[in-house]
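Structural description and commentary
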Amino acid sequence: MAETRLGRWFDRKGWAGLVIGAPYLWLLVLFLVPFLIVVAMSVATKTSTAPPISWGGEYPVLSWESYTRVLSDGLYLRAFLTSLVNAGLAMVLCLLIGYPMALGLCRVAPAWRSILLMLVILPFWTSFLLRVYAWMGLMGRNSWFNGLLTDAWNLLVPMDWAVKSIPMMNTNFAVVLVMVYTYLPFMILPLYASLERLDPTLDEAALDLGSRPHQVFLDVTLPQSIPGIIAGGMLVFIPAAGELVIPTLVGDAASPMIGRVISDEFASARDWPMASAVAVMLLLLMVVPTMVYSHFQARAEGSK
Amino acid sequence: MSEPAPDPFLRIEGVSKLFGSFQAVRDVSLTVSKGEVFALLGGSGCGKTTLLRMLAGFEEPSAGRIFLDGRDMAGVPPWSRPVHMMFQSYALFPHMTVAKNIAYGLKHESIGKDERAARVREMLDLVQLAPFADRKPHQISGGQRQRVALARALARQPKLLLLDEPLAALDKKLREHTQFELMSIQARTGVTFIVVTHDQEEAMTLADRIAVMDKGQVRQIGSPTEIYEFPNSRFVAGFIGSITAFEARATGRDGGNLLLDVPALGGRVAARDVPAVIEGQPLTLALRPEKLRISKDRPAGANAFEGLVKDLAYFGKDSLYRIVLPSGVLVAAHAVNARRGDEGARVADWDDRVWLSFDPAAAIVLAE
C-alpha cells in the first residue's frame, strides 16, 4: 500500500484525516442528513400517502402551514409548556437530590467511593422499561406503597380529608417522579466529576480566613461546581423535555408532553409535516440556549 | 539571642497527636515570643506540618495544650482563631480575582465597605501587586501567587501567621529574593511568623529561632548559630549542614581543652572542653567540612592528620575534598577558592598527600 501514490498520501496525512473525519462523517450521515429531511418534511403539505416527500417523487408544495398551526393552536403550546415545566422540575429536583449525593461521594473514604459510584450506575443494568413498570406497580391504587402513603396521609390530616388511596398514576407528579428517578445518575456523575477535581485545601483556606462550613460551601464549593451543575442540568433537561415513554406509561393523557404529540402526529394523525415541525421546534428550543451558553462559556475560557 | 519573655505569646505545652496508632507529634513544648520568626525544621513525616495544623485549628491535639496570647485554644474552630495560614500550594480561590482573594477574610469583619477597600489596597501595595488586582490567580506568575497568598493571610491582621513551606514552590533565584521580601514584610507588620520548612537554609535565613524536629519530637531549639555551631545531638549536627562523625573516648584534660582518643584519626585530638564529660566516656567527635584546613605541609599545633586526596568536586566559589586517612575513613573538607586561576592554583589535586588540621574550638563533641 505504501508503494502506491495513494498509499503514500495516506501515510502522510490520510490516517489523521480519517481518524478526525470519521466522527464528522458519522454525524453528517446519521444526524445532519436525517435532520434536513425532517426540516424538508416540516415545510411540505400533508398528503394522503404517509411520507409527504420521497425520493424521485412529486415535489410537494412549500408551505408554512405546520408552523403557523404549532404557534396558534393552544394544544401544541400547552404540550410544549407541560414538557418544559416537567423537565424543569425534574432537573431542579435531580440537582437538589444529586448535589448532596455527589458531594458525599467526594467526601467518603476512597474504599467506599467506588462501591457507592457503582450503586449510582447499578440501575442501568436492568431494563429501563422494567423500572418504569416497577414504579407503575408501586404507584397503583392497590399497591402496598400507595397503601402506606395513604395511611400516613389519613393519619396526619383531618378526618374529612381522608382518602381511599392517593391518586398518583396518570398525573404529572408521576411523570416527574419517574423522570427524577431515571435521570438522577446523569446529574450525579457530571457533578461528581466537577466536585472531585476541587482542591480540598481551598476549603481549609476559607475556614482559616474566618468562614464557617456553610459559608465555605457557598463561597468556594458551589461557584466552582457551576460547570458540573450546567452539564448535569442539560443532561437531565434535554432528554426529559423530549421524553415519550415515561409520560405515555405513567402520565396524564389529557395534558400530553411534546414527545407524545410528535408520536401521535406521526402514528395516529399521519400528519408528517406537523410532526416534523413540532420536532424541529423542540430541537430549536433545546439547541439555541445550549449554543448561547457555549458561546459565553468559550468567551469566558478565552479570557483565561 | 534574647530569652523569651516570662509570659510568652504562644505557648505549646506537652502537645501530642495520634493518628490511629501512629504518633505524629509527641510531647512537644515550646514558646514563641511576640514578633518573633520561629521555624519548625525537619524532614518529611517529622510532625512539623501536623503541629502547624494544630495551631491553625484543623487538628485537635490528642494531649497537651496550646495558649495563644494567654488564651487556651482547645476547641476553638479554625474560623474563630486569630491565626491565619499561608498554604504551601497557596490555595488561592481560582474563581476570584486577586483583590477578591485578599478581601475574602475581611468580609467577616464588621468594617465598612470603604475601610475594606482601603485595607485591600494597603495589602496590594504591601506585596506590590496593585496592577494585578483584577487578574485571576491563573493569570499571574508563581511568585506573584505567593505574594497574593501572603497578602490574603495578612489582611485580617492575624496575631500569628503560619507559613507552610513558603518558598518551596519557587525557583532558586526567586526564592532568595522572596526570602528577603518576606523578612521585610514581617519587620514592617510585626506579625509573629511560624514557618514550617524542610530546607535548612530557608530556616536559617528566615528565622530568629529554629526548632529541629525528628519523628514527632523537638530535638533542639535555638538560634540558627546555636543550632549550627552547638548542636546537641548527632541528628541535629547531621541535619543542619554536613559533618564527618568519629567514635571517640575522653582521655583527659589539658588546659581549656578536652583530650580525646579518636582511633579513626589515628591518635589524639584536642577539643574545646565540655564540662559534663567524664574521663573514659564514649563520645562522638563531629567535624564540619568548612572548619577543616587543608595544607601541603604539616601545620604547627595539635589536631593535624595526614591523608590522601581521593575525590575533589569543584563548585566555583569553593571545592569539596574527600580525603582518605590511613585508617580508611573518608573525611569531607571544604576549601575556599580564594585565588583565581587554572587547576594549578588549587590547594591540592587528586592523589596528593595533604595535611588536615582544625582548631580545638571548631570540633563538636557530642555525648552520644
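Conventions we followed
Residues numbered from 1 in each chain as written. Chains lettered and ligands numbered in written order. Predicted model: local features only at pLDDT ≥ 70, side-chain atom pairs only at ≥ 80, totals over all residues. Heavy atoms only, no water. Pairing = 2+ DSSP bridges. Helix = DSSP H or I, 4+ residues; strand = E, 2+ residues; numbered from the N terminus. Axes fitted to C-alpha atoms, helices over the stretch in contact; angles between N-to-C directions. Phe/Tyr/Trp six-rings, centres within 6.5 Å; stacked < 30°, edge-to-face > 60°. Buried < 20%, exposed > 50% of the residue type's maximum accessible area, 1.4 Å probe, protein only. Polar contact = N/O pair within 3.5 Å; in protein donor to acceptor, adjacent residues only side chain to side chain. Domains from an automatic or database assignment. Contact = heavy atoms within 4.5 Å. Buried area = accessible area lost by both parts, 1.4 Å probe. Parallel < 35°, antiparallel > 145°, perpendicular 65-115°, else oblique. Left-handed = near helix turned anticlockwise from the far one by under 90°. Nonpolar A, V, L, I, M, F, W, Y, C, P; charged D, E, K, R; others polar. Core = buried A, V, L, I, M, F, W, Y, C linked by side-chain atoms within 4.5 Å. Patch = residues over 30% accessible without salt bridge, like charges linked within 9 Å, V, L, I, M, F, W, Y side chains within 5 Å. Areas by Shrake-Rupley, 256 points an atom, 1.4 Å probe, with all protein chains shown as cover. Salt bridge = Lys/Arg side-chain N within 4 Å of Asp/Glu carboxyl O.

What about the sheet that holds strand S20 (residues 364–366) of chain B?
Residues and elements named next belong to chain B. A sheet is described by the order of its strands in space; here 5 strands give the open sequence S13-S12-S11-S14-S20, paired in antiparallel fashion. The open sheet has two free edges, formed respectively by strand S13 (267–272) and S20, since each of these has just one partner strand. Along the sheet, successive strands turn relative to each other by an average axial angle of 45 degrees, direction set aside. In this structure, strand S11 (residues 244–254) lies alongside strand S12 (residues 257–262), joined through 5 bridges in antiparallel fashion. Note on S12: the bridge partner recorded for Asp254 is Asn257.

Focus: the packing of aromatic side chains
Residues and elements named next belong to chain A. Scanning all chains against the criterion turns up 12 aromatic pairs over all chains. Where Phe31 meets Phe35, the ring centres are 6.0 Å apart and the plane angle is 5 degrees; that geometry is what we call stacked. Here the residue Phe31 and the residue Phe35 both occupy positions in helix H1 (residues 5–42), the gap between them amounting to 4 residues, near one helical turn. Judged by its relative accessible area of 43%, Phe31 falls in the partly exposed class. Phe35 sits in the partly exposed class, given a relative accessible area of 22%. Here the aromatic rings of Trp144 and Phe145 are separated by 5.9 Å at their centres, their planes lie at 80 degrees, and the arrangement is edge-to-face. Residue classification places Phe145 among the partly exposed residues on the basis of a relative accessible area of 22%.

Thoughts on the pairing of strand S2 (residues 22–32) of chain B
Residues and elements named next belong to chain B. Two elements, strand S1 (residues 10–19) and S2, share 7 bridges in a ladder whose sense is antiparallel. Along S2, the bridge assignment pairs Val15 with Val28. Turn length for the S1-S2 hairpin, with the two strands adjacent in sequence and antiparallel, is 2 residues, and the turn residue Gly20 shows positive phi of about 65 degrees.

Comments concerning the side chain of Ser83 of chain A
Here Ser83 of chain A lies in helix H3 (residues 74–107). Looking at Ser83 of chain A, its side chain comes within polar contact range of the main-chain nitrogen of Ile258 of chain A, at 2.7 Å.

Some details on the domain arrangement of chain B
All names here are of chain B. You can read the domains of chain B as domain 1 (10–239) and domain 2 (244–366). Computed from C-alpha atoms alone, the centre-to-centre distance between domain 1 and domain 2 is 39 Å. Across the contact, 9 residues belong to domain 1 and 9 residues belong to domain 2. Carbon and sulfur atoms make up 49% of the surface buried where domain 1 meets domain 2, a total of about 710 Å² over both sides. If you sort the residues of domain 1 by the area they bury against domain 2, Tyr228, Arg234 and Ala237 come out on top, with a joint share of 65%. At the junction of domain 1 and domain 2, the tally comes to 4 residue pairs in polar contact (both at pLDDT 80 or more).

Considerations on the packing of H3 of chain A against helix H7 (residues 172–196) of chain A
All names here are of chain A. At a minimum axis separation of 6 Å, H3 and H7 run at an interaxial angle of 45 degrees. Overall, the two elements H3 and H7 adopt an arrangement that is oblique. Judged by the twist between their axes, the crossing of H3 over H7 is right-handed. For the contact of H3 with H7, the residue count by class is 25 nonpolar, 4 polar and 1 charged.

Considering the nonpolar core
Counting residues in each nonpolar core, the largest one holds 52 residues, and the members touching the most others are Met179, Val250 and Val278 of chain A. Contact partners of Val278 of chain A, with chain neighbours within four places excluded, come to Val70, Tyr76, Phe80, Ile258 and Ile262 of chain A. By size, the runner-up hydrophobic cluster in this structure holds 45 residues, among which are Leu106, Phe132, Ile227 and Val236 of chain B.

Here we look at a nonpolar patch on the surface
Residues Leu25, Trp26, Leu27, Leu28, Val29, Leu30, Phe31, Leu32, Val33, Leu36 and Ile37 of chain A make up a contiguous nonpolar surface patch of about 1100 Å² in total accessible area. As for its placement among the helices and strands, Trp26 of chain A is situated in helix H1.

Some remarks on the pattern of salt bridges
Under the counting rule described, the total for this entry stands at 24 salt bridges over all chains. Here Glu109 of chain B makes a salt bridge to Arg119 of chain B, at a shortest N to O gap of 3.5 Å. Of the two residues, Glu109 of chain B sits in the loop between helix H2 (98–103) and helix H3 (113–126) while Arg119 of chain B sits in helix H3, which places them 10 residues apart along the sequence. Judged by its relative accessible area of 22%, Glu109 of chain B is partly exposed. Under the relative-accessibility criterion, Arg119 of chain B is labelled buried at 8%. With a shortest N-O distance of 2.8 Å, Arg253 of chain B and Asp273 of chain B are connected by a salt bridge. Here Arg253 of chain B, found in strand S11, pairs with Asp273 of chain B, found in the loop between S13 and strand S14 (282–287); they are 20 residues apart in sequence, far enough to count as distant. When its relative accessible area of 41% is taken as the criterion, Arg253 of chain B is described as partly exposed. Classification of Asp273 of chain B by relative accessible area gives partly exposed; the value is 24%. Sharing partners across several salt bridges, the network here consists of Glu204 of chain A together with Lys17, Arg53 and Glu59 of chain B.

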